[in-house]
Amino acid sequence: MGVLNVTPDSFSDAGQYFDPQRAVERARAMVAEGAAIIDIGGESTRPAAAPVALEEELRRVVPVVRAVARDSDVIVSVDTSRPEVIEQVVAEGAAMINDVRALRSRGALAALARTGAAACLMHMKGEPATMQQSIQFGDVVAEVRAMLAERLAACQEGGIAAERLCVDPGFGFGKLTQHNLELLRNLGELLDLDRPLLVGLSRKSLLKTLTGRDNGDRLAGSIALATAAVLNGAVIVRAHDVAATVDAVRVAAALRN
Ligand code: 9MG
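Owing to the predicted nature of the structure, the values given are computational and were not obtained by experimental measurement.

Cut-offs used in this document
Residues numbered from 1 in each chain as written. Predicted model: local features only at pLDDT ≥ 70, side-chain atom pairs only at ≥ 80, totals over all residues. Heavy atoms only, no water. Pairing = 2+ DSSP bridges. Helix = DSSP H or I, 4+ residues; strand = E, 2+ residues; numbered from the N terminus. Axes fitted to C-alpha atoms, helices over the stretch in contact; angles between N-to-C directions. Parallel < 35°, antiparallel > 145°, perpendicular 65-115°, else oblique. Left-handed = near helix turned anticlockwise from the far one by under 90°. Contact = heavy atoms within 4.5 Å. Nonpolar A, V, L, I, M, F, W, Y, C, P; charged D, E, K, R; others polar. Salt bridge = Lys/Arg side-chain N within 4 Å of Asp/Glu carboxyl O. Buried < 20%, exposed > 50% of the residue type's maximum accessible area, 1.4 Å probe, protein only. Near = heavy atom within 4 Å. Polar contact = N/O pair within 3.5 Å; in protein donor to acceptor, adjacent residues only side chain to side chain. Areas by Shrake-Rupley, 256 points an atom, 1.4 Å probe, with all protein chains shown as cover. Lys, Arg positive; Asp, Glu negative; His and termini not counted.

### What about the sheet that holds strand 5 (residues 118-122)?
- The parallel open sheet is built from six strands, whose spatial order is 1-2-3-4-5-6. Looking at which strands have only one partner, the edges of the open sheet turn out to be strand 1 (2-5) and strand 6 (165-168). Between one strand and the next, the sheet's axes are offset by a mean angle of 25°, whatever the strand orientation.

### Notes on the packing of helix 8 (residues 219-231) against helix 9 (residues 242-256)
- Contact geometry of helix 8 with helix 9 gives a least axis separation of 9 Å together with a crossing angle of 30°. Here helix 8 lies roughly parallel to helix 9, going by the angle between them. Viewed along their axes, helix 8 and helix 9 form a crossing whose handedness is right-handed. Contacts from L219, I223, A226, T227, V230 and L231 of helix 8 reach helix 9 at A244, T245, A248, V249, A252, A253, L255 and R256.
- Split by residue class, the contact of helix 8 with helix 9 holds 11 nonpolar, two polar and one charged.

### Section: the pattern of salt bridges
- Scanning the model with the defined rule gives 14 salt bridges in all.
- A salt bridge links E57 to R82; the shortest N-O distance between them is 2.7 Å. Note that E57 is positioned in helix 2 (residues 54-71) and R82 in the loop between strand 3 (75-79) and helix 3 (83-91), a separation of 25 residues in sequence.
- Given the relative accessible area of 1%, E57 is considered buried.
- Taking the shortest distance from any N to any O, the salt bridge between R185 and E182 comes out at 3.3 Å.

### Side note on the site of the ligand
- If you check the shell around the ligand, you find T45, D79, N98, V100, C120, M122, D168, F173, L198, G200, K204 and R238 and nothing else.
- At 2.7 Å from a nitrogen atom of the ligand is found a side-chain nitrogen or oxygen belonging to N98.
- In the environment of the ligand, an oxygen atom lies 2.6 Å from a nitrogen or oxygen atom belonging to the side chain of K204.
- Here the ligand, which alone exposes 310 Å², has 97% of that area covered by the protein.

### With respect to the side chain of R195
- Along the chain, the position of R195 falls in the loop between helix 6 (177-185) and strand 7 (198-200).
- One buried charged side chain, R195, makes no salt bridge at all; its nearest oppositely charged neighbour is E163, positioned 5.1 Å away.
- With residues near it in sequence (within four places) discarded, R195 still touches L152, A162, E163, L165, C166 and V167.

What follows is the structure, encoded as structure tokens:
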């Protein structure tokens, strides 16, 4: 899953693809590098990011979704929590919604149910603006597993078949490095949720803690984390550096199988 942020303020590629034409070219390049899914986001989810109005989110993502869906057969995913965005982007060709709030926003679950699209349900403790402020877990793996199980049950109840869903432990979302490592080590414990596991570790700040490296210099660390995730059961890897990640995923998947 290649990351395409159409925002002026995302943590890793700030503003580079804010222009729709450049965004479409970037999507094309990621498809050529082997991305099976392009994840388009119009609102940054990094800690303390400025909130974006609904109209602005739609203005950013809709033209890019339309153009990428028309341009190729790649699966178009949209990183959003808003019901209005879910309905409009699916009408424009998105087949998947990547929701860091796991369809907990008012109206989001019902909107997804109406569309027939797939969704990724991600674990997050708190909200992006404040999630890194007072982090406490008992057993992080058990808590993440329980929340994802609850969201899968809510979706089932709301008319969304399990086959439309994948789950994600939400690395870096309201978690400290020790929690992220614990989750990565024990990713296999989420496999009994019986849904495909998606992970996003690319360029994340735990790599600053582990390697001391800044954002533009985290490729090797990101590849190591993606490899570990696939060896431990992940089947979808959300990444900025698609070509290198695709190679790593292929090697790790061959080893795992
Ligand atoms: C939008 N976004 C940023 N990080 C992410 C992650 O780790 N997983 C998913 N599903 N989405 C993410």
